[in-house]
Amino acid sequence: MNADVIIVGAGIIGAACAHGFAERGLDVLLLDDQRGGATAAGMGHLVVMDDNPAELALSHYSLSLWRQWAPLLDEGCAYRNCGTLWLAANEDELAVAEQKSTLLDAEGLGCRMLSASAVHEAEPMLRPGLVGGLHVSGDGIVYAPNVARWLLAQQPQRIRQQHAQVSEVSGNRVRLCSGEWLSAEVVVLATGSARELCPELPIRPKKGHLLITDRYPTRLRHQLVELGYVSSAHSSAGTSVAFNAQPRPTGQILIGSSRQFDSLTPEVEHDVLARMLQRAIDYLPSLAQMNAIRSWTGFRAATPDSLPLLGPHPSQPGLWLALGHEGLGVTTAPATAQLVVNQVCKQPCAIDVTPYLPQRFASAEQPA
Amino acid sequence: MSSAIELHINGQLLRVTPGTSVAAALYLAGDGSSRTAVGGQRRAPLCGMGICQECRVTIDGQRRLACQTPCTAGMQVESQP
Ligand SMILES: Cc1cc2nc3c(=O)[nH]c(=O)nc-3n(C[C@H](O)[C@H](O)[C@H](O)COP(=O)(O)OP(=O)(O)OC[C@H]3O[C@@H](n4cnc5c(N)ncnc54)[C@H](O)[C@@H]3O)c2cc1C
Ligand code: FES
């Protein structure tokens, strides 16, 4: 045995799991080939999402764990409790805001409805004419790659990191590209998608574009998200864009986001970027005068029900999965780590894990 | 030189020949640096072709790329902070 636990993938999910196992006194070997994943590409918005009860339970639980980490994180993690301002552009979206408010309220989450004038007062950069909004106070932002580094640095004596590409997994064993086999009591797959190592799992890449501006004197205070996003985020076909803007602590504005299933190349697609920016300028007209310094893309690992796979592989004893976090993996990383570690250590979980068990797709599995 | 263009860099008057880029003017006026990075170091034009974004300056109140902007008469260029 090369360790108690081998984790494949050192993104925010692998790092949070490594941290969780190390806290229980287990020795972790963390393998990553540094090809770069969603953690370095994403937006790092910590947001309670409520498209279904399981997503709400996971993100709510995870936000409470983020608040425990917050005072410990270093400056590079750039945690800010900026809150989210959900924007309603019409009466339909206002109704969605009200439903959301009722749901979050029932969960004990701090939120309040804002009138059109209150929205404008909160964020004067927004165009006039929005009909209202919902402010969710517990949400925040981080710089996820630095959080992953910070998590690994907390337990240096228990976590060993090795630069290696894994070419095959088989239960509690992994094969490196060098041909060498490594084994542990438990192997955890945290590679985001599973196209190479477990192609039988139903995870599809969903491309997203982001763009960041130059630094300007601070103008935004909250993460801004249009409520039209609710319909865009989970549509299963085609390309959609929705307005999403984040004030970075540097004074930059990070702008998202697009969602597309049919593109597998990492190149920025100028037609998609143009649509995304046009949407952003619709909400923040003065963006048009600002200088953008970078645009890039990333891939979300999407499952059919938009929930991650957290638990034992349906048919490979010794192999555990922490995959498929779609557009919410930074938010849900601390909860994922707790749910995976507690399952492996046979301890009770703080929330019901049933909706996230990989077993739910076992019938869809194609034998090789 | 009668056809020289006059502009200001951080409030200082500079005369350049027509066709001079703002990036070149930064070198003529001082150490060539364009901006201060988030970590506090000074930065200067690097690629000269509009890709690296290191040459960002404020020209007449707007953020612009110095390497992609020709000097024009009366321009106010700020490379600080
Ligand atoms: C455009 C965009 C915006 C997003 N915005 C947000 C947001 O605002 N809020 C939020 O919560 N989430 C957001 N997300 C989602 C979030 O970024 C991801 O869910 C999260 O980063 C997933 O982390 P991960 O560790 O599972 O995967 P990754 O970060 O992809 O890490 C996987 C790691 O595995 C390694 N790896 C893969 N295969 C192998 C192999 N065979 N051998 C060795 N190593 C391997 C890779 O090098 C990589 O380091 C966004 C995602 C995108 C793309
Ligand atoms: S010097 Fe690289 S963009 Fe101007």
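Starting afresh in each chain, residues are numbered from 1 along the sequence in its written order. Think of it this way: whatever chain is written first is A, whatever ligand is written first is 1, and the rest follow in order. Whole-chain, interface and lining totals are the exception, using all residues; otherwise, since this is a predicted model, local features are given only for residues with pLDDT of at least 70 and side-chain atom pairs are given and counted only at 80 or more. Each side-chain value is derived from all of the structure's non-hydrogen atoms; neither hydrogens nor water enter the calculation.

- If you check an unreviewed UniProt entry, chain B appears there as (2Fe-2S)-binding protein from Pseudomonas turukhanskensis.

- Labelled according to an unreviewed UniProt entry, chain A appears under the name FAD dependent oxidoreductase domain-containing protein, originating from Pseudomonas turukhanskensis.

**Quick notes on the overall build of chain A**
Logical step 1: Starting at the N terminus, helices and strands are each numbered in turn, a helix being any DSSP run of H or I of at least four residues and a strand any DSSP run of E of at least two. When its secondary structure is counted, chain A shows nine helices and 18 strands.
Logical step 2: Taken against the 2.2 N^0.38 rule, which gives 21 Å for 368 residues, the C-alpha radius of gyration of chain A at 20 Å falls within 12% of a compact globule.
Logical step 3: Principal-axis analysis of the C-alpha atoms gives chain A an extent of 60 × 40 × 40 Å.
Logical step 4: Each residue gets one of three labels from its accessible area relative to the maximum for its type: buried under 20%, exposed over 50%, partly exposed in between, using a 1.4 Å probe on protein chains only. Here chain A holds 368 residues, and 56% of them are scored as buried.
Logical step 5: Accessible surface area values rest on a Shrake-Rupley calculation with a 1.4 Å probe, where residue burial reflects the displayed protein chains alone. Of the roughly 15,100 Å² of accessible surface on chain A, a fraction of 51% belongs to carbon and sulfur atoms.
Logical step 6: Taken as two groups, the 27 positive and 35 negative side-chain charges of chain A have centres that lie 4 Å from each other. Put simply, the radius of gyration uses C-alpha atoms, and a globule should come to 2.2 Å times the residue count raised to 0.38. Neither His nor the chain termini are counted; the positive set is Lys and Arg, and the negative set is Asp and Glu. Where a charge sits is defined by one atom per residue type, namely NZ (Lys), CZ (Arg), CG (Asp) or CD (Glu).

**Regarding the packing of helix α1 (residues 12–23) of chain A against helix α9 (residues 329–344) of chain A**
Residue and element names in this part refer to chain A.
Logical step 1: The axes used here are C-alpha line fits, helices contributing only the stretch in contact, and every angle between their N-to-C directions lies in the interval 0 to 180 degrees. At their nearest, the axes of α1 and α9 sit 8 Å apart, and the two run at 40 degrees to each other. The pairing of α1 with α9 is recorded here as oblique in orientation. Our pair here, α1 against α9, has a crossing hand that is right-handed. When α1 is examined against α9, the residues I12, I13, A16, C17, G20 and F21 are found in contact with a partner set consisting of G329, V330, A333, T336, A337, V340, V341 and V344. In this scheme, roughly parallel covers angles under 35 degrees and roughly antiparallel covers those over 145, while 65 to 115 is roughly perpendicular and the rest are oblique. Here a crossing is taken to be left-handed if its near helix is turned anticlockwise relative to the far helix by less than a right angle, and right-handed if that turn runs clockwise. Contacts are assigned to residue pairs that have any heavy atoms within 4.5 Å of one another.

**Side note on the pattern of salt bridges**
Residues and elements named next belong to chain A.
Logical step 1: A pairing counts as a salt bridge when a side-chain nitrogen of Lys or Arg comes within 4 Å of a carboxyl oxygen of Asp or Glu. Summed over all chains, the structure comprises 16 salt bridges over all chains.
Logical step 2: Its salt-bridge partner being E326, residue R259 comes within 3.1 Å of it at the nearest N-O pair. Of this pair, R259 sits in strand β15 (residues 253–260) while E326 sits in the loop between β18 (319–323) and α9, placing them 67 residues apart in sequence. Accessibility assignment for this pair places R259 and E326 in one class, buried.
Logical step 3: In the salt-bridge network here, residues are joined through shared partners; they are D33, R35 and E196.

**Concerning helix α3 (residues 53–69) of chain A**
Logical step 1: With 17 residues, α3(A) ought to run about 24 Å at 1.5 Å a step, and its terminal C-alpha atoms sit 25 Å apart, in line with that.
Logical step 2: Where burial is concerned, most of α3(A) is hidden: 12 out of the 17 residues are buried. Every helix has an expected span of 1.5 Å times one less than the residues it contains.

**Some points on the sheet that holds strand β1 (residues 5–9) of chain B**
Residues and elements named next belong to chain B.
Logical step 1: With mixed pairing, the five strands of this open sheet are ordered in space as β2-β1-β7-β5-β6. Lying at the two open borders of the sheet, with one neighbouring strand each, are β2 (12–16) and β6 (62–65). Each neighbouring strand pair of the sheet contributes to a mean axis angle of 40 degrees, computed without reference to strand direction.
Logical step 2: Pairing between strands requires that DSSP locate at least two bridges from one strand to the other. In the sheet, strand β5 (residues 56–59) pairs with β6 via four bridges, with the strands oriented antiparallel. Within β6, the residue paired with V57 across the bridge is R64.

**Brief notes about the sheet that holds strand β5 (residues 111–115) of chain A**
Residue and element names in this part refer to chain A.
Logical step 1: Read from one edge to the other, the open sheet built from eight strands follows the order β5-β6-β4-β13-β14-β15-β12-β16, with strand pairing classed as mixed. The open sheet is flanked by β5 and β16 (292–302), the only strands paired with a single partner. Across the sheet, the mean angle from the axis of one strand to that of its neighbour is 20 degrees, orientation sign disregarded.
Logical step 2: For β5 and strand β6 (residues 132–136), the ladder comprises five bridges, and the chain directions are antiparallel. Each residue of the ladder has a partner; that of R112, found in β6, is H135.
Logical step 3: Contacts from helix α4 (residues 91–106) reach β4 (84–88), β5 and β6 within the one sheet, and its direction differs from that of β5 by about 155 degrees.
Logical step 4: Taken strand by strand, helix α8 (residues 270–283) contacts β4, β12 (204–213), β13 (223–226), β14 (239–247), β15 and β16, and its axis lies near 50 degrees from that of β14.

**Thoughts on the nonpolar core**
Residues and elements named next belong to chain A.
Logical step 1: As used here, the term nonpolar core means buried Ala, Val, Leu, Ile, Met, Phe, Trp, Tyr and Cys residues forming a set that is joined through side-chain atoms within 4.5 Å. The biggest cluster of nonpolar side chains holds 66 residues, and the ones touching the most others in it are I7, F21, W66, W86, V188, L339 and Y356.
Logical step 2: Segment limits for the domains were obtained from an automatic or database-derived domain assignment. For this core, the two domains that each supply at least three residues are domain 1 (3–42 + 144–203 + 305–361) and domain 2 (80–139 + 204–302).
Logical step 3: Discounting residues that sit within four places of it in the chain, Y356 has contacts with A54, A57, L58, L307, P308, L309, L310, L339 and I351.
Logical step 4: If you look at the next biggest cluster of nonpolar residues, it comprises 25 residues, including A164, V169, L319 and L321.

**Digging into the interface of chain B and chain A**
Quite often, the size of an interface is put as the accessible area lost when its parts meet.
Logical step 1: On the chain A side, the residues contacting the 10 residues of chain B number nine residues.
Logical step 2: Buried area is understood as the total, over both parts, of accessible area removed when two parts are fitted together, assessed with a 1.4 Å probe. Taking both sides of the interface into account, the surface hidden between chain B and chain A amounts to around 800 Å²; carbon and sulfur atoms contribute 35%.
Logical step 3: For R56(B), the salt bridge is made with D214(A), and the minimal N-O distance between the two is 2.4 Å.
Logical step 4: The term polar contact refers here to a pair of N or O atoms within 3.5 Å; inside protein, the definition further demands a hydrogen-donor-capable atom paired with an acceptor-capable atom, and it admits residues adjacent in sequence only when both atoms are side-chain atoms. In this structure, the connection of chain B to chain A is made through four residue pairs in polar contact (both at pLDDT 80 or more).
Logical step 5: Sorting the residues of the side of chain B that touches chain A by element identifies β3 (35–36) and β6 of chain B as the ones contributing at least two each.
Logical step 6: Here the residues of the side of chain B that touches chain A sort into four nonpolar, three polar and three charged. Residues were grouped as follows: Ala, Val, Leu, Ile, Met, Phe, Trp, Tyr, Cys and Pro as nonpolar; Asp, Glu, Lys and Arg as charged; and all remaining residues, including Gly, as polar.

**Let's talk about the site of ligand 1**
Residues and elements named next belong to chain A.
Logical step 1: If you check the shell around ligand 1, you find 36 residues, and the closest are D32, A38, T39, H45 and T331.
Logical step 2: A distance of 3.3 Å separates an oxygen atom of ligand 1 from a polar backbone atom of I12.
Logical step 3: The contact in question runs from a nitrogen atom of ligand 1 to an N or O atom on the backbone of V166, over 3.0 Å.
Logical step 4: In isolation ligand 1 offers 1,000 Å² of accessible surface; the protein chains occlude 94% of this area.
Logical step 5: Every element with two or more residues in the shell around ligand 1 is listed here: α1, α2 (38–41), β16 and α9.
Logical step 6: Considered class by class, the residues forming the shell around ligand 1 number 13 nonpolar, 17 polar and six charged. Residue proximity to a molecule or strand is established when one non-hydrogen atom of the residue lies within 4 Å of it.

**Description of unusual backbone geometry**
Leave glycine aside and you will find that most residues have negative phi; peptide bonds, for their part, are mostly trans.
Logical step 1: Along the chain, G256(A) connects to S257(A) via a cis peptide bond; the corresponding omega equals -15 degrees.
Logical step 2: Looking at where S257(A) falls in the secondary structure, it is placed in strand β15.
Logical step 3: With a phi close to 55 degrees, K346(A) is a non-glycine residue in the positive phi region.
Logical step 4: One can find K346(A) in the segment after α9.
Logical step 5: Positive phi is not limited to glycine here, since N10(B) has a value of about 50 degrees.
Logical step 6: We classify N10(B) as partly exposed; its relative accessible area is 30%.

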